[in-house]
Amino acid sequence: MTLLTCKDLSLGYDGATVVEGLNFTVNAGDYLCIVGENGSGKSTLIKTILRLKSPISGEILTGGGLKPNQIGYLPQQTQIQKDFPASVMEVVLSGTLNQKGFKAFYNKADKQKAKDNLAKMDILNLQNKCYSELSGGQQQRVLLARALCATQKLLLLDEPVSGLDPKLTIEMYKLIEKLNKEHGITIIMISHDFSAALKYASHILHIGYKPLFFGTKDDYLNSEVGKAFSIIGGVANA
């Protein structure tokens, strides 16, 4: 079942095109990693999928009953977000707002959903803590729980392990893998970590390199661009 289709997509900002001729599909259960150099359009693509930016040309279609407001999103954290003066429960509950329209209050079902997703992240015991007082790893778990409150099908993750130490990085990747394999959440993740991309992904989209590559992980490893970048990333024959 296809959840997302990008057709002949061209993207850019400040009047400049950064990527064009982008065609790919994401099916239910996929784990797609988007890789490429800085400035290649990875974050711009994510924001376009979320309808935060408009494409220069082409279109993005959703399917399988997925609506644009039913996509979970974990952005890169800023210092302002890290210092946000709210409780963990308040942060996670805010993930339900995109689907509530003008009903700006939380009902019993919303609160139960927040608790369930905190439990999935193994941080239910932190629900009454102040978000700004948590460690970086705990904050990322909170934000992942928040993103899950917005979706049952598709998560978009923009560098979800940025700033985490090696131990916490591994833990975060394992949490994401668990969501994909055990809970059936489809993943689209931007990553600069080629090793992790090739370890966890089912599919790779490599932009900023011509020709653009989209396909399975195995096909990527056998492609010209895949061979070149896996060697650069130290993961040849991964």
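This text follows the structure it describes.
Residues numbered from 1 in each chain as written. Predicted model: local features only at pLDDT ≥ 70, side-chain atom pairs only at ≥ 80, totals over all residues. Heavy atoms only, no water.

A. Looking closely at the overall build of the protein chain. In terms of regular secondary structure, the protein chain is built from nine helices and nine strands. Over its C-alpha trace the protein chain gives a radius of gyration of 18 Å, about what one expects of a compact globule, namely 18 Å for 238 residues. In terms of overall dimensions, the protein chain has C-alpha extents of about 50 × 40 × 35 Å along its principal axes. By residue count, 47% of the 238 residues in the protein chain fall in the buried class. Carbon and sulfur atoms make up 50% of the accessible area of the protein chain, which totals about 11,800 Å². Of the charged side chains in the protein chain, 26 are positive and 22 negative, and the gap between their average positions amounts to 8 Å. (Helix = DSSP H or I, 4+ residues; strand = E, 2+ residues; numbered from the N terminus. Rg over C-alpha atoms; globule rule 2.2 N^0.38 Å. Buried < 20%, exposed > 50% of the residue type's maximum accessible area, 1.4 Å probe, protein only. Areas by Shrake-Rupley, 256 points an atom, 1.4 Å probe, with all protein chains shown as cover. Lys, Arg positive; Asp, Glu negative; His and termini not counted. Charge placed at Lys NZ, Arg CZ, Asp CG, Glu CD.)

B. Representation of the sheet that holds strand β9 (residues 213-216) in the model. Taken together, the six strands give an open sheet; going across it, the order is β5-β6-β7-β3-β8-β9, and neighbouring strands pair in mixed fashion. At either end of the open sheet lies a strand with only one pairing partner, and these are β5 (71-74) and β9. Strand-to-strand twist in this sheet, taken as the mean axis angle between neighbours without regard to direction, amounts to 15°. Here strand β8 (residues 203-206) pairs with β9 via four bridges, running antiparallel. Pairing of His203 across the sheet is with Thr216, part of β9. On top of the sheet, helix α5 (residues 136-148) reaches β5 and β6 (154-158); it is set at about 165° to β5, its chief contact. On top of the sheet, helix α6 (residues 166-181) reaches β3 (31-35), β6 and β7 (186-190); it is set at about 150° to β7, its chief contact. (Pairing = 2+ DSSP bridges. Axes fitted to C-alpha atoms, helices over the stretch in contact; angles between N-to-C directions. Contact = heavy atoms within 4.5 Å.)

C. Looking closely at the environment of Leu124. Along the chain, the position of Leu124 falls in the loop between α4 (108-120) and α5. In sequence terms Leu124 and Gly226 are 102 residues apart; their C-alpha atoms lie 40 Å from each other. Those residues within four positions of Leu124 in sequence are excluded, and the remaining contacts are Lys115, Leu118 and Ala119.

D. Examining the side chain of Arg141 more closely. Along the chain, the position of Arg141 falls in helix α5. Not counting residues within four places of it along the chain, the set of residues in contact with Arg141 comprises Met121, Asp122, Ile123, Glu171, Met172 and Leu175.

E. Seen up close, α5. End to end, α5 covers 19 Å across 13 residues, agreeing with the expected 18 Å (1.5 Å per residue, within 8%). Within α5, ten of the 13 residues are buried, which leaves it mostly tucked inside the rest of the structure. Buried residues of α5: Gly137, Gln139, Gln140, Arg141, Val142, Leu143, Leu144, Ala145, Ala147 and Leu148, and no others. (Expected span 1.5 Å × (residues − 1).)

F. Spatial organisation of α4. Counted at 1.5 Å a residue, the expected span for α4 with its 13 residues is 18 Å, and the 19 Å between its end C-alpha atoms agrees. All of the buried residues in α4 are Asp110, Ala114, Asn117 and Leu118. One side of α4 holds all its buried residues, which, seen down the axis, span an arc of 105°. Residues Lys108 and Ala109 are exposed on α4 and point more than 90 degrees away from its buried face. (Arc of directions from axis to C-beta.)

G. Structural detail: the pattern of salt bridges. Taken as a whole, this structure holds three salt bridges when the rule is applied. One salt bridge in this structure joins Glu171 and Arg141, with 3.5 Å as the shortest N-O distance. Of the two residues, Glu171 sits in helix α6 while Arg141 sits in helix α5, which places them 30 residues apart along the sequence. Taking the relative accessible area as the measure of exposure, Glu171 reaches 27% and is therefore partly exposed. Classification of Arg141 by relative accessible area gives buried; the value is 17%. In this structure, Glu171 engages Lys167 in a salt bridge whose closest nitrogen and oxygen atoms are separated by 2.6 Å. (Salt bridge = Lys/Arg side-chain N within 4 Å of Asp/Glu carboxyl O.)

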